[in-house]
Amino acid sequence: MRPKFKNVMNPIVRSGDNIRLGFEREVFEIEDKDGVIFRFIMMLNGENTLDDLISKCDLSKSEVIDGLEALDSIGVIEDFDISTEELTLSELNRYRANLTFFSNFSDLKQGKYSYQSKLKKSKVVVLGLGGASLTAASLVGLGVGQVIGVDYDTVELSNLNRQFLYTEDSIGSFKSIETEKRLKQINKDITVNVHNLKVTSPDDILDIISGSDLVINGIDSPGIVASRWVNAACVHHKVPIVQGGISNTKIIWETILPDYGCYDCFLIRSLRVDKHFEHQLRALYETRFEETNSAIAPHVALLSGFLSAEVLKLLTNYTQSMLPSTTHVYDTAIMDILKTESWSKLDECPTCGVKGNCEELVSLEKLIDIANGEVHI
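Throughout what follows, the structure given in this document is the object of discussion. Note that this is a predicted model, so its numbers are computed, not measured.

## What about the overall build of the protein chain?
From N to C terminus, the protein chain includes 14 helices and 13 strands. If one aligns the C-alpha atoms of the protein chain with their principal axes, the spans along those axes are about 75 × 50 × 40 Å. Here the protein chain holds 377 residues, and 47% of them are scored as buried. Within the protein chain, residue pairs in contact and separated by at least 24 positions form 65% of the contacts whose partners lie at least 6 positions apart. Roughly 18,500 Å² of accessible area belongs to the protein chain as shown, and the carbon and sulfur atoms make up 49% of that amount. Separation between the mean location of the 38 positive side-chain charges and that of the 54 negative ones in the protein chain comes to 1 Å.

Here it is as structure tokens:
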């Protein structure tokens, strides 16, 4: 072990007889009249072992260990001796900013490199390469080892206001092919595979998402039912879903962990708690939004950032992710989260419940009947 005071925690500020550590998430003030603690911290440069610290700091072994434990408990030191062998020299350079970020969450037991290694071993499927193409680019930039894309559409001029993987030269080309080309240009070390496929049922994507760590759902049409298709396939494989959408002035994104409650559980719960939801659900079900799309670049970028940040948490566990099976609604006018709602797994859910069958999606009418207690499965 070679303890190191984290670069992200600098500078160390002296104020009278005290020193202040940290400056962003939390600030710690420690009394240090004789400067012993400051000198000790200066020795935590990643070069000195435990024995070196004992001999050079003129402290006992117990004092050095207590000091390290205290500093580790407040998150200001890490082990500079942790192996980087799972990452190449090129990756260490490419992901330098990632590693600096992860050092905020490293400690003497888990190093910053382990988080990047988890990304390298991950496989993520992106369904829909319109607005979600920007999220796919984020995954490649972060260093997710395998990115699988699915889309069937072609690039149109109207896409270029927000879908920045594409250019005017891309117009008329399949989004899947253009995405694959651009992602490989961003990061040649990542495995990128695409499927030029129109999703019309859960069966269409069962094989594609098998073995994946996470699915990003960017399919927005036909409304609601497309999310139910993706949900059923992910329930079958027990794969988490991160998905979102944009309305006129709202951004909605959610994390769905099938073991905690699937998308059909959400719909049933919403039908029960909101007497107007049934009318809204019927109106939106199987709707296509091409003519009412109001997505603009800054809002797509915000949504992509929210989704990518959540994916990063789920893949690396560097910090706690959203509560499982939770929806956030963000108001783009006031730039704030309006509400957060969570839901639970329902025994009566026809997809993930006690007698649920994710391979046979029930109709909207039956789902409404189940919510009203008129059908028991």
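## Description of the nonpolar core
With 44 residues, the main nonpolar core has L127, V215, V230, L267 and L281 as its most contacted residues. Among the elements that make up this core, the one with the highest residue count is helix 10 (residues 225-237) (8 residues). Leaving out residues up to four positions away in the same chain, V215 has contacts with V125, L127, I209, V230, C234, V239, P240, I241 and V242. Among the nonpolar cores identified, the runner-up in size contains 36 residues, and F102, A132, V147 and W253 belong to it.

Parameters at a glance
Residues numbered from 1 in each chain as written. Predicted model: local features only at pLDDT ≥ 70, side-chain atom pairs only at ≥ 80, totals over all residues. Heavy atoms only, no water. Helix = DSSP H or I, 4+ residues; strand = E, 2+ residues; numbered from the N terminus. Buried < 20%, exposed > 50% of the residue type's maximum accessible area, 1.4 Å probe, protein only. Contact = heavy atoms within 4.5 Å. Areas by Shrake-Rupley, 256 points an atom, 1.4 Å probe, with all protein chains shown as cover. Lys, Arg positive; Asp, Glu negative; His and termini not counted. Charge placed at Lys NZ, Arg CZ, Asp CG, Glu CD. Core = buried A, V, L, I, M, F, W, Y, C linked by side-chain atoms within 4.5 Å.

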